[in-house]
Each structure stands twice: as structure tokens, then as C-alpha cells.
Amino acid sequence: MWFKSKSELVHEGEALPGRAEEFSVPEQHRVLGTPLRPPFPDGLERAVFGMGCFWGAEELFWKVPGVYTTAVGYAGGFTANPSYEEVCTGRTGHTEVALVVYDPEKVTYGQLLRVFWERHDPTQGMRQGNDVGTQYRSVILTSSDGQLEEAKRSRDIYQEVLRGHGNGDITTEIAPETSFFYAEAYHQQYLAVHVNGYRCHSTTGVPFPEDS
């Protein structure tokens, strides 16, 4: 019997088993026209951000100049290739995330971090706005030691700024990316198809320092 609350992370031994098969996704990005799956061109880098409902998060990043492609998926948990319905139970350990593949010659990781910090509220714990549950928690999953260091540094900078404005502590998880599972096809670039669709990102209203 499952008794945990929506805001309590599942332990690995309690997680749903998932499946070996990956979900199919469109070959091309509906907005950018680029591939959703690797291999990607040489010189590009990847970043993974969780900031509440992944529909709106993905839209924020595909609009950033220098971003090559984006996709939505699940990460940070235990269940292999989970379905959306499974993630919503809280029994996978995953959170909804956006994969961002970008050209570091055109946009820096620091600029992507600025979008992340400013466009959601990283102090809300296991929720984002009216969306409550571990699958909506704030996360940064990094693909290199350099990203990990920069993400932690940016968190510390933004924390001091938030405190100065009377905000609470940042709850964002920052860790190396261990796995990313693509979400079902209908979730990919959802807001490009459903232009008046659901966007739920509370913000602190506090800008990240320009000179950081």
C-alpha cells in the first residue's frame, strides 16, 4: 500500500519498475526544426532544468538564441522510461525537466542559468505554484564538472540576493545528470501546438545580478 504524501520523495526500493522500451518522440523539433535525440553536432553542450510543469519550461528555453534543440522528459529519480501517469503518482522519484542543447559560442551556460533562476520560484520545495508534488521540484542536472561548479556558484549568488528581498531559502537540487528519459510524444513542444495551453511558473520577481 502506498502511503507517502505527494511531497515526500520515494526511496529507490519503493520506486515503480518502469520499462526497457523508450517512448517514441518526433524526429524534429516543432519550432526549431532540429533533432530531438542525439547524435547532435560537435561542439554543442547539454543542460537539464526542472522548474515545475515542463511544458512552459521547454518553451522558455527554445526561445533563447543559441539554443539548438529542446525536449521534455523525466529525470532525477529511479524508474526507467516512466510514463507521465507513473511520474504523477510520485513513485518514480523523477521530476519534470527540460533538456536544453545549446551552442556555447552563441549562449553561455550562465545565461541559461539566469533564465532558470528568474523564470520560476526556486524556494517552493516540492511544488511550483499550484502544482504540488515531487515531480514539480526545482532541479539543475549538470553534464560536466564546470557546469556543476557554475550552477552552485549561481545558486549562492542568487540566494544572497533573494535574502536581501525577504525571500526564503533556495530548495533547488543541483547534481550531475545520471539519466534523462524522454517524455511521450504529445508532451514535446506542447505549447507550440496548444498555444493557449497551461503555463504555471511562479516567480520571485527578483532579477539575477547582471554582473555575476
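Please read all numbers here as calculations on a predicted model, not as lab measurements.

Reading the values: the criteria
- Residues numbered from 1 in each chain as written.
- Predicted model: local features only at pLDDT ≥ 70, side-chain atom pairs only at ≥ 80, totals over all residues.
- Heavy atoms only, no water.
- Core = buried A, V, L, I, M, F, W, Y, C linked by side-chain atoms within 4.5 Å.
- Buried < 20%, exposed > 50% of the residue type's maximum accessible area, 1.4 Å probe, protein only.
- Helix = DSSP H or I, 4+ residues; strand = E, 2+ residues; numbered from the N terminus.
- Contact = heavy atoms within 4.5 Å.
- Polar contact = N/O pair within 3.5 Å; in protein donor to acceptor, adjacent residues only side chain to side chain.
- Pairing = 2+ DSSP bridges.
- Axes fitted to C-alpha atoms, helices over the stretch in contact; angles between N-to-C directions.

Asks: Can you lay out the nonpolar core for me, pointing to particular residues and giving the numbers?
Replies: Formed by 29 residues in total, the largest nonpolar core has its most connected members in Phe49, Phe61, Tyr109, Leu112, Trp117, Ile140 and Tyr158. Breaking this core down by element, the ones donating at least two residues are β1 (45–51), α1 (54–62), β3 (95–102), α3 (109–118) and α4 (145–164). The contacts of leucine 112, once residues within four sequence positions are left out, are Phe49, Phe61, Val64, Val67, Val100, Tyr102 and Val107.

Asks: Just give me the short version of the side chain of arginine 114, but keep the residues and values in it.
Replies: Assignment of secondary structure puts arginine 114 in helix α3. One polar contact links the side chain of arginine 114 to the main-chain carbonyl oxygen of phenylalanine 208, over a distance of 2.7 Å. If sequence neighbours within four positions are ignored, arginine 114 has contacts with Phe208, Pro209 and Glu210.

Asks: Residue-level account of the sheet that holds β3, with values.
Replies: Strand order in this open sheet of six strands is β7-β6-β1-β3-β2-β8, and the pairing throughout is mixed. Only two strands of the sheet have a single neighbouring strand rather than two, namely β7 (173–176) and β8 (180–182). Going from strand to strand, the sheet's axes swing by 35° on average, the running direction of each strand aside. Here strand β2 (residues 67–75) pairs with β3 via eight bridges, running antiparallel. Its bridge partner lying in β3, alanine 71 is registered against leucine 99. Relative to the sheet, α1 contacts β1, β2 and β3, its axis offset from that of β2 by approximately 160°. The strands that α3 touches are β1, β2, β3 and β6 (138–142); relative to β1, the one it contacts most, it runs at about 10°.

By themselves these figures say nothing about function.
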